[in-house]
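# Coordinate inspection notes
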Amino acid sequence: MIVFTGIQPSGVIHLGNYIGLMKQLIGIQDQYKSFFCIVDLHTITANKLAPNELRGNVFKMVAAHLACGINPEKAVIFNQSIVSGHTELSWLLGCYTPIGWLNRMTQFKDKAGRDKQKASLGLYSYPVLMAADILLYNAQYVPVGDDQKQHLEITRDIASAFNKHYRQDYFVLPEALINSSRVMSLRDGTKKMSKSDPSDYSRINFDDSDKSIINKIKKAKTDSILGFDIDTLSARPEVCNMVNIYSALSDIKVDMLCNTISKYSMERFKKELVDIIISTISPVRKKMTELLSDKDYLLKVLKHGGDKAAGITHQNIKKIKDIIGFVQW
Ligand code: TYM
């Protein structure tokens, strides 16, 4: 069985990326044929980074995968722009995607902001490229954070539309693998933790120093309710988020955790939370720094993965073109 997932090279990973995605990839690479893609084509739909920054971010993302425990001999790690099948299939699938489906996508509405006329065509068709990423490998499973659900739904819809049109089940309908709740901003528990949040205090980055992690958790928003009774959490977004982070990093279920910490003061809870975050991040941070001093090695990993991915996708593109009726030889 095939697994595909992608992450944008928008900088260093944060706790949301780690809990939502990275943590589950370590087990996945042992069980499935895994493709872990650094989706640089998606990044230019919104962030027009300087060329050196974009390149640097791709290296940072390869280093993050390896430092988190991904083994390039088990999983195929590569950057999306090097495998031309992604853009080619994106065009083809765009021709089977009604505009009405794209108009419903909440990410476009959020990212385009008020003046939609100024948003790029790339941002609008972002979900089609994401569908192409997944369908190009005929992936059965797609490990993602909870925020990507709508993208997986449209991928299935596009695959079904194509299959229906040609009266054959060529594309597998992929399923999302979601194994944790969404990690929210430390400043506002109703907004997701995100790289694009202007406040650096809203997130914990994997290159934050221990001092900075202590500071961010100290300043993280809380409320005046005492203790950690599980029944109160749904009305306490910021505290609930921190309990979920503690639970995810310690692998202790929320109800069990709340039993243990129900009478804790906020100070004691935050101290333990800081300890567990630092013990998760600091070895990864150290390894990332080591890896980033050897760009030749990181490039070798990307090339190895890119060659493997290109070989497989070349065959798939050929079959898809054949189904559509293009002349090939
Ligand atoms: P991206 O780069 O925003 O995020 C990468 C992964 O991290 C997860 N994630 C979170 N999980 C929980 N809480 C959060 N606050 C949080 N923030 C991010 C995301 O769910 C994701 O799994 N559209 C995708 C990239 C993509 C892709 C794909 C994914 C492109 N093609 C094909 C899967 C398959 C994105 O922007 O992820």
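Residues numbered from 1 in each chain as written. Predicted model: local features only at pLDDT ≥ 70, side-chain atom pairs only at ≥ 80, totals over all residues. Heavy atoms only, no water.

### Comments concerning the environment of glycine 85
- The topology assignment puts glycine 85 in helix α4 (residues 85–94).
- Under the relative-accessibility criterion, glycine 85 is labelled buried at 6%.
- Measuring from C-alpha to C-alpha, the distance between glycine 85 and lysine 211 comes to 44 Å, with 126 residues separating the pair along the chain.
- Non-local contacts of glycine 85, meaning those with residues more than four positions away in its chain, are made with Leu136 and Ile317. (Helix = DSSP H or I, 4+ residues; strand = E, 2+ residues; numbered from the N terminus. Buried < 20%, exposed > 50% of the residue type's maximum accessible area, 1.4 Å probe, protein only. Contact = heavy atoms within 4.5 Å.)

### With respect to the domain arrangement of the protein
- By domain assignment, the protein separates into domain 1 (2–183 + 295–324) and domain 2 (200–289).
- For the pairing of domain 1 and domain 2, the buried interface totals around 1300 Å² over both sides, and the portion due to carbon and sulfur atoms is 76%.
- Contact with domain 2 buries surface across domain 1, with Val12, Leu15 and Ala67 losing the most and accounting together for 39% of the total.
- Counting across the domain 1 and domain 2 interface gives 1 salt bridge. (Domains from an automatic or database assignment. Buried area = accessible area lost by both parts, 1.4 Å probe. Salt bridge = Lys/Arg side-chain N within 4 Å of Asp/Glu carboxyl O.)

### Side note on the layout of surface pockets
- Within this model, the second largest pocket holds a volume of roughly 410 Å³.
- Lining of the second largest pocket is provided by 19 residues; of these, Ser90, Trp91, Leu121, Ser125 and Val128 occupy positions nearest its centre.
- Where the lining of the second largest pocket is concerned, the elements lending two or more residues are α4, α5 (99–103), α7 (121–124) and α8 (126–135).
- Top contributing element to the lining of the second largest pocket by residue count: α4, with 4 residues.
- Looking at the lining of the second largest pocket residue by residue, the classes come out as 12 nonpolar, 7 polar and no charged. (1 Å grid on protein atoms, 1.4 Å probe; cavity = no way out; pocket = protein on both sides within 12 Å on 5 of 7 lines; lining within 4 Å. Points joined across faces, edges and corners; volume = space filled by probe spheres on them. Nonpolar A, V, L, I, M, F, W, Y, C, P; charged D, E, K, R; others polar.)

### Things to note about the side chain of aspartate 40
- In this structure, aspartate 40 sits in helix α2 (residues 40–43).
- The side chain of aspartate 40 is buried and forms no salt bridge, while arginine 55, the nearest opposite charge, is found at 9.9 Å.
- Contact partners of aspartate 40, with chain neighbours within four places excluded, come to Pro9, Val58, Asn79, Gln80 and Ser81. (Lys, Arg positive; Asp, Glu negative; His and termini not counted.)

### Details of the packing of helix α3 (residues 51–67) against helix α13 (residues 266–292)
- It is at 9 Å that the axes of α3 and α13 come closest, and there the two elements cross at 130°. With respect to α13, the axis of α3 lies oblique. Like other packed secondary-structure pairs, α3 and α13 cross with a definite hand, here right-handed. Only Val284, Lys287, Met288, Leu291 and Leu292 of α13 make contact with α3, whose side of the interface consists of Phe59, Lys60, Ala63, Ala64, Leu66 and Ala67.
- Class assignment of the residues belonging to the contact of α3 with α13 gives a composition of 9 nonpolar, no polar and 2 charged. (Axes fitted to C-alpha atoms, helices over the stretch in contact; angles between N-to-C directions. Parallel < 35°, antiparallel > 145°, perpendicular 65-115°, else oblique. Left-handed = near helix turned anticlockwise from the far one by under 90°.)

### A closer look at the site of the ligand
- Close to the ligand lie 24 residues; Tyr126, Asp133, Gly145, Asp147 and Val183 are nearest.
- At 2.8 Å from an oxygen atom of the ligand is found a main-chain nitrogen or oxygen belonging to glutamine 8.
- The separation between a nitrogen atom of the ligand and a polar main-chain atom of methionine 193 is 3.0 Å.
- For the ligand, the protein covers 96% of the area, taking 710 Å² as the surface of the free molecule.
- Broken down by secondary-structure element, the contributors of at least two residues to the shell around the ligand are β1 (2–7), α1 (15–31) and α8.
- Considering only residue class, the shell around the ligand consists of 11 nonpolar, 10 polar and 3 charged. (Near = heavy atom within 4 Å. Polar contact = N/O pair within 3.5 Å; in protein donor to acceptor, adjacent residues only side chain to side chain. Areas by Shrake-Rupley, 256 points an atom, 1.4 Å probe, with all protein chains shown as cover.)

### Focus: the environment of aspartate 231
- Following the sequence through the fold, aspartate 231 ends up in the loop between α10 (210–219) and α11 (237–250).
- On a C-alpha basis, the gap between aspartate 231 and leucine 66 in space is 39 Å, while along the polypeptide they are 165 residues apart.

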